[in-house]
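Observations on the three-dimensional arrangement
Here's the letter readout for the chains.
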Amino acid sequence: MNRSILFLLALGCTFSLYAANADITTKIDSVYGATEVRRAGSQKWETIGTGAKLFNNDIIRVLNNSMVRLLSFDGNTVYIHANSQLLINNFENADKQSVSEHFTVFFGAAYFLINAALPPGMQFHDVKVFTPTSVSATRGTSFEVEVAENTGSTIVRVVNHTVLVRNIIKNVSIFLKAGLQSTIEINTDPILPRPFLEKDLAALKSWVGEGIIQREMNTQLSSASRDRDIISGKIESRLAIAPFKNLSQYTGTWKIDSVFARSLANQVSSSVPGLKAIIGDSSVSDPLAFGVAHGARFVITGVIENFDITQHAKISARADEYKEYNTSIVKIRIQLTDVESGKLLNDNAFSGEFTDAQTPQNSWKEISKLPCSLADKKFVGSILGKSMKLALESATEEMVRYIRAQ
C-alpha cells in the first residue's frame, strides 16, 4: 500500500463523519494534458476533463507533462502541477452555517489562491491545506505547497499575505509571511522562515502564469507599504483582541462573541502592567495584519465551541433515589500571536463546567433574563456565569504567562 493511501486512511476517520452537499463542489476549470479522478469509495481511476465536478472525498491526479486548474464553489482557485495527487474535502454544517474546505496534497505541487471574503450566508468558512507532514490554515492569501512523494517533506512558499503552517506530528506552528518559505518534515519543527529564491519564483511563474503571480506580488507590495505607514517602525505594547467566532449552538440575544473578547481583554491587560488592550469590530482571518493595523505587539483570536446548559437525570443502583440536575458547559479555543516575530505562541482550548440542582434559577429561561457580563454579580453567580468565568480565568492565566515570557 503506497504512502498516499495510508495517509488517506488516516484522514478518513475525520472526513467520513461529514456528508457532502451536492452544491458544494469543485469544478475542473481547465485541463492541459492527462488527468484522472478516483471517486469516493472507488478504487478505479477514470479520465476526467474540463467542466467535470469533484465531490467530497474524490482524489484527482495530474499525470506527466500535464496541469489542471480547479475552481471551488466559493471562487477559490487551485493550480495543480504535473505528477501530483490531491484529495478534495468539501462539507458543511447547515445548523452552524459553516463550510469546511480542505485540500490534501499527497505529493507533487499545487498553488492556492484563497479569497478573503466568506461565501454568502456563511458565518464561518474553514479553509485548510493538508500534506503528510503539515496543515496550512489560510484565508485571503496565495501560496505554493510542494510535497516530496517518498518522504512527505513539505515546502510552503507564500506569495501574498500570511499563512499559518503547523507540523501535524509535533504540533508546532509558525506564521509564514509573503516572500518566505519553510520546510516541514515529519520529525522536526518547521524550519525557520527564509526568503524563497528567484529560481523558485521563476519556476512557479512557468506553470501558474507570470501575470497571475505578478498580480499577487503587486498586491502584497501595496499592502506591505500600507503596513509600514501604519506601524511607523514601532510596535507598541498593545494587545489586540478580535471578537470570538461563535461556533456553539447558542443563538440567543446575547452578543457572546464580543462579551468573551471584552472579558478576556480586561483580565489579561489588568494582569500585565503597561499592556493596553484593544478590541476589534469583527473576527479576523489574518492575525498579523490585524495586529499591524492596531499597532499591537500581541493578538488574541478565539472561538466559542460550547456555551450551553443541559438537563440530566440520575437514578441510584437500587432505584430508590432519583435526581434531576442542570450542567452548564463553556468551552473556548484561544490563539495568541506575537506580531513582531510572526509566531503563534499558544493555541489551546479552555473549558468550565458547573452542575447544580434542576431549579428555575439554573434554567436557560431565568439565566437568559440576566445581562451576560462578568461584572454582573447575579450572572456570575449563575451556573453559566461560573462556567464562563472558570474558562476565561484559565485562558487568562496561560495568555499572561506567554506574554510575560516574551
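Residues numbered from 1 in each chain as written. Predicted model: local features only at pLDDT ≥ 70, side-chain atom pairs only at ≥ 80, totals over all residues. Heavy atoms only, no water.

**Regarding the overall build of the protein chain**
Convention followed: What counts as a helix is a DSSP run of H or I of at least four residues, what counts as a strand is a run of E of at least two, and both are numbered from the N terminus. Think of it in three bands: residues with accessible area under 20% of the maximum for their type are buried, residues over 50% are exposed, and the middle band is partly exposed, with areas taken using a 1.4 Å probe on protein chains only. Residue contacts follow a heavy-atom distance rule, with two residues in contact if any of their heavy atoms lie within 4.5 Å. Using a 1.4 Å probe, the Shrake-Rupley method yields the accessible areas, and only the shown protein chains count as cover for residues.
Counting its secondary structure elements, the protein chain contains eight helices and 23 strands. When the 406 residues of the protein chain are sorted by exposure, 48% land in the buried category. Taking as baseline every contact in the protein chain between residues at least 6 positions apart, the subset at least 24 positions apart corresponds to 61%. Accessible area of the protein chain: about 19,300 Å², with a carbon and sulfur share of 50%.

**Digging into helix H4 (residues 256-271)**
What counts, and what does not: To estimate the expected span of a helix, count its residues, drop one, and scale the result by 1.5 Å.
With 16 residues, H4 should cover 22 Å at 1.5 Å per step; its first-to-last C-alpha distance of 22 Å lies within 8% of that length. Here H4 has its buried residues at Ile256, Val259, Phe260, Ala261, Ser263, Leu264, Ala265, Gln267, Val268 and Ser269.

**Points about the confidence of the model for the protein chain**
Counted only if it meets this: For every residue, the pLDDT score states the predictor's confidence, bounded by 0 at the bottom and 100 at the top.
On average, residues of the protein chain score 84 in pLDDT, and 85% of them reach the 70 mark or higher. Strand S5 (residues 59-62) holds the highest mean pLDDT among the elements of the protein chain, 97, whereas helix H1 (residues 3-15) holds the lowest, 42. Predicted confidence for residues 1-22 stays below pLDDT 50, and this span has 37 contacts to residues more than four positions away or in other chains. Low confidence marks residues 226-234, where pLDDT is under 50. Its contacts with residues over four positions away, or in another chain, come to five contacts.

**Considering the packing of H4 against helix H8 (residues 383-405)**
In helix packing, the relevant descriptors are the interaxial angle and the interaxial distance, both defined with respect to the helix axes. Rules: Axis lines are fitted through C-alpha atoms, for helices just across the contact stretch, and the angle between N-to-C directions can take any value from 0 to 180 degrees. Should an angle fall under 35 degrees it is taken as roughly parallel, and over 145 as roughly antiparallel, whereas 65 to 115 is taken as roughly perpendicular and any remaining angle as oblique. For a crossing to be left-handed, the near helix must be turned anticlockwise from the far one by less than a right angle; the clockwise case is right-handed.
Closest axis-to-axis distance for the H4/H8 pair is 9 Å, and the angle between their directions is 45°. As the angle between them shows, H4 and H8 are arranged oblique. In the crossing of H4 with H8, the sense of the turn from one axis to the other is right-handed. In contact with Val259, Phe260, Ser263, Leu264, Gln267, Val268 and Ser271 of H4, H8 contributes Met388, Leu392, Glu393, Ala395, Thr396, Met399, Val400, Ile403 and Arg404.

**Quick look at the packing of aromatic side chains**
Put simply, the test is: Working definition: rings of Phe, Tyr and Trp (its six-membered ring) pair if their centres are within 6.5 Å, and the pair is stacked with planes under 30 degrees apart, edge-to-face with planes over 60 apart, and tilted otherwise. When the NZ atom of lysine or the CZ atom of arginine is within 6 Å of a ring's centre and also within 35 degrees of its normal, the charge is said to sit over that ring.
On inspection of all chains with the given rule, the structure shows 12 aromatic pairs. Measuring from ring centre to ring centre gives 5.5 Å for Phe103 and Phe112, while their planes differ by 50°; the resulting arrangement is tilted. Classification of Phe103 as buried rests on a relative accessible area of 0%. Judged by relative accessible area, which is 0%, Phe112 ranks as buried. In this structure an aromatic cluster arises from ring pairing among Phe244, Tyr250, Trp254, Phe260, Phe307, Trp364 and Phe379. The ring of Trp45 carries the charged tip of Arg61 above its face, separated from the ring centre by 4.0 Å.

**A look at the nonpolar core**
Put simply, the rule reads: Nine residue types can take part in a nonpolar core, namely buried Ala, Val, Leu, Ile, Met, Phe, Trp, Tyr and Cys, and a core is a set of them joined through side-chain atoms within 4.5 Å.
Phe244, Trp254, Phe260, Phe307, Ile332, Ile334 and Met388 are the most contacted members of the largest nonpolar core, which totals 37 residues. At the level of elements, strand S18 (236-241), H4, strand S21 (296-315), strand S22 (322-338), strand S23 (343-357) and H8 are the ones that each hand at least two residues to this core. With nine residues, the single largest contributor to this core is H8. If you look at the next biggest cluster of nonpolar residues, it comprises 29 residues, including Leu54, Ile60, Val62 and Val78.

**Describing the environment of Gln406**
If you trace the backbone, Gln406 turns up in the segment after H8. Measuring from C-alpha to C-alpha, the distance between Gln406 and Asp338 comes to 8.6 Å, with 68 residues separating the pair along the chain. What Gln406 contacts, discounting residues up to four positions off in sequence, is Arg297, Phe298, Asp338 and Leu345.

**Some remarks on the side chain of Thr141**
Short version of the rule: In protein, a polar contact means a hydrogen-donor-capable atom and an acceptor-capable atom, both N or O and within 3.5 Å, with residues adjacent in sequence counting only if both atoms are side-chain atoms; elsewhere, any N or O pair within 3.5 Å suffices.
Following the sequence through the fold, Thr141 ends up in strand S12 (residues 141-147). At a separation of 2.3 Å, a polar atom in the side chain of Thr141 contacts the main-chain carbonyl oxygen of Asn160. Dropping the residues within four chain positions of it, Thr141 is found in contact with Phe112, Leu113, Ile114, Val158, Asn160, His161, Thr162 and Val163.

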